[in-house]
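Chain by chain, the residues run as shown.
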Protein chains: 2
Amino acid sequence: MTGGEDKVGTYKFVAEPFHCDFSGRLTMSVLGNHLLNCAGFHAADRGFGMATLNENHYTWVLSRLAVELEDMPRQYEEFSIQTWVENVYRLFTDRNFAILNNEGKPIGYARSVWAMISMETRKPADLLTLHGGSITGYVCDKECPIGKPGRVKVAEKTPLFHYQIRYSDIDINGHVNSIKYIEHILDLFPIGLFKEKRIKRFEMAYVAESYYDDTLNFYREKVGENEYDIEVRKNGTDVVVRSKVIFM
Amino acid sequence: MTGGEDKVGTYKFVAEPFHCDFSGRLTMSVLGNHLLNCAGFHAADRGFGMATLNENHYTWVLSRLAVELEDMPRQYEEFSIQTWVENVYRLFTDRNFAILNNEGKPIGYARSVWAMISMETRKPADLLTLHGGSITGYVCDKECPIGKPGRVKVAEKTPLFHYQIRYSDIDINGHVNSIKYIEHILDLFPIGLFKEKRIKRFEMAYVAESYYDDTLNFYREKVGENEYDIEVRKNGTDVVVRSKVIFM
């Protein structure tokens, strides 16, 4: 055994023109979409995909995502994403990613944390007993040289922006899709900041669901020269997601 | 010759989960993105792609798009898009599309109209002299059984919605990307309408560009029981796009 190359899934992409920002580089929200799709493909190929789980009335829930990048694919550039399972605990699993440029060189990494819940009770399922514990057989020690998602806490009392949830925000589960939050959060920053700097690290913590017609309030705190903490609260006080954006 | 099967490009897709709406069907904006990508692939394979044009300081500009559908792919469903050139005129070319379900049966069609402009003067180029007129060799008489894009004129004076353009709306050309308008226009309708009905036909006419920080005003007029005309104007009066949405 060489450390489980067969445990790593690799998926190819092209940076499509309408998925790139003004700089001609892939947007963070589209990269996030690709990461979550790769998680889905990798799990499905191993019998832990959404379709199989849904038959058994379970579903994966994304809890955290952290992405750290040295570069972003350019318009029309081919790139690939590798994904593998780092840890399986009773209630959570850690899934990591590497983003490789068109020469196969890593240009970034990502970490994600997932829980599995019952679609009926919304209670967490025990991952270690799922399919007789077979998910643990996919754990792999491939390196992921970026920090784990940290804690974000925002004290700011005045929202920077508010947004009423609309048709295109809502996914098949009836709540705002995980990718749309990324887009709304990055839209808090002026385009001039993206002209001067690029995103080095981006973190999301998914705390609660929000629904059609909910009003989201966005609170932002500058916590370092290039570092911002963001909290999104719905209908007054309930925290929906927390995020950290580090530019460089 | 059988009518030019080699002139038709066919491209495969899967309806990704974050590209589907609450009903689990692909959204119109994502379908629009795929259509425009297919146009790009098909043109590039025949020497008329953006990359080649840009080298010569020309670029394609989308003028009109009309989509008419009997059905929409479901989450995880495979589907394909065919595209071909119907006509080439001096200043415009008509490109059509068929959307096929996972059994290869057409579930919809689309029509688009494109111009080519000089990136320096922004003036239109003569398509009939491009590459010695060779683009006309790709014209194909495959059937596209939907009506051509019509004229939309909105008299409504009170905007239904206004929106200030943000970072994620802007593409590499520095203006709002064609797909984002589709998303903003469909977000004018309450989710309840999409629960009762589905979009039968959708039209877009791209009239002028809009830029970061511009404020877009959305005017909507109900012109039939299930038919709405929409006009988007920037900074007061300048028309940016017009659209028609027919539900059934």
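Residues numbered from 1 in each chain as written. Chains lettered and ligands numbered in written order. Predicted model: local features only at pLDDT ≥ 70, side-chain atom pairs only at ≥ 80, totals over all residues.

Trainee: So what's going on with the environment of Asn54 of chain B? Which residues, and what values?
Mentor: For Asn54 of chain B, the location among the structural elements is in helix α2 (residues 50-55). For Asn54 of chain B and Met119 of chain B, which are 65 residues apart along the polypeptide, the C-alpha to C-alpha distance reads 7.8 Å. (Helix = DSSP H or I, 4+ residues; strand = E, 2+ residues; numbered from the N terminus.)

Trainee: With reference to specific residues and values, describe the relation of the copies chain A and chain B.
Mentor: When chain A is fitted onto chain B, the two copies agree to an RMSD of 0.0 Å after a turn of 180° and an axial shift of 0.0 Å. With respect to symmetry, the two chain copies, as superposed, fit the operation of a two-fold axis. No C-alpha of chain A approaches the rotation axis more nearly than that of Tyr163 of chain A, which lies at 5.4 Å. (Least-squares fit on C-alpha atoms with pLDDT ≥ 70 in both.)

Trainee: Outline the interface of chain A and chain B, supporting the account with residue identities and numerical values.
Mentor: Taken together, the contacts link 32 residues of chain A with 32 residues of chain B. When contributions to the side of chain A that touches chain B are tallied by element, the ones reaching two or more residues are α1 (28-45), α3 (178-186) and α4 (191-196) of chain A. Sort the elements by how many residues they give to the side of chain A that touches chain B and α1 of chain A lands first, with 5 residues. Taken together, the residues of the side of chain A that touches chain B break down into 16 nonpolar, 10 polar and 6 charged. (Contact = placed C-beta atoms within 7 Å. Nonpolar A, V, L, I, M, F, W, Y, C, P; charged D, E, K, R; others polar.)

Trainee: Can you tell me about the domain arrangement of chain A, naming the residues and giving the values?
Mentor: All names here are of chain A. Segmenting chain A into domains produces domain 1 (5-138) and domain 2 (161-247). For domain 1 and domain 2, the distance between their C-alpha centres works out to 20 Å. Listed as interface residues are 16 residues of domain 1 and, on the opposing side, 15 residues of domain 2. Of all the elements in the fold, those that place two or more residues in the side of domain 1 that touches domain 2 are α1 and β2 (58-69). With 8 residues, β2 is the largest single contributor of residues to the side of domain 1 that touches domain 2. Across the side of domain 1 that touches domain 2, the residue classes break down as 8 nonpolar, 5 polar and 3 charged. (Domains from an automatic or database assignment.)

Trainee: Can you explain the environment of Thr59 of chain A? Please cite residues and give values.
Mentor: Residue and element names in this part refer to chain A. If you trace the backbone, Thr59 turns up in strand β2. Owing to 16 C-beta atoms within 10 Å, Thr59 belongs among the partly exposed residues under this scheme. Along the chain, Thr59 and Met119 lie 60 residues apart, while their C-alpha atoms are 6.4 Å from each other. The residues contacting Thr59, other than those within four sequence positions of it, are Met50, Leu53, Asn54, Ile117 and Met119. (Buried ≥ 20, exposed ≤ 12 C-beta atoms within 10 Å, placed from the backbone.)

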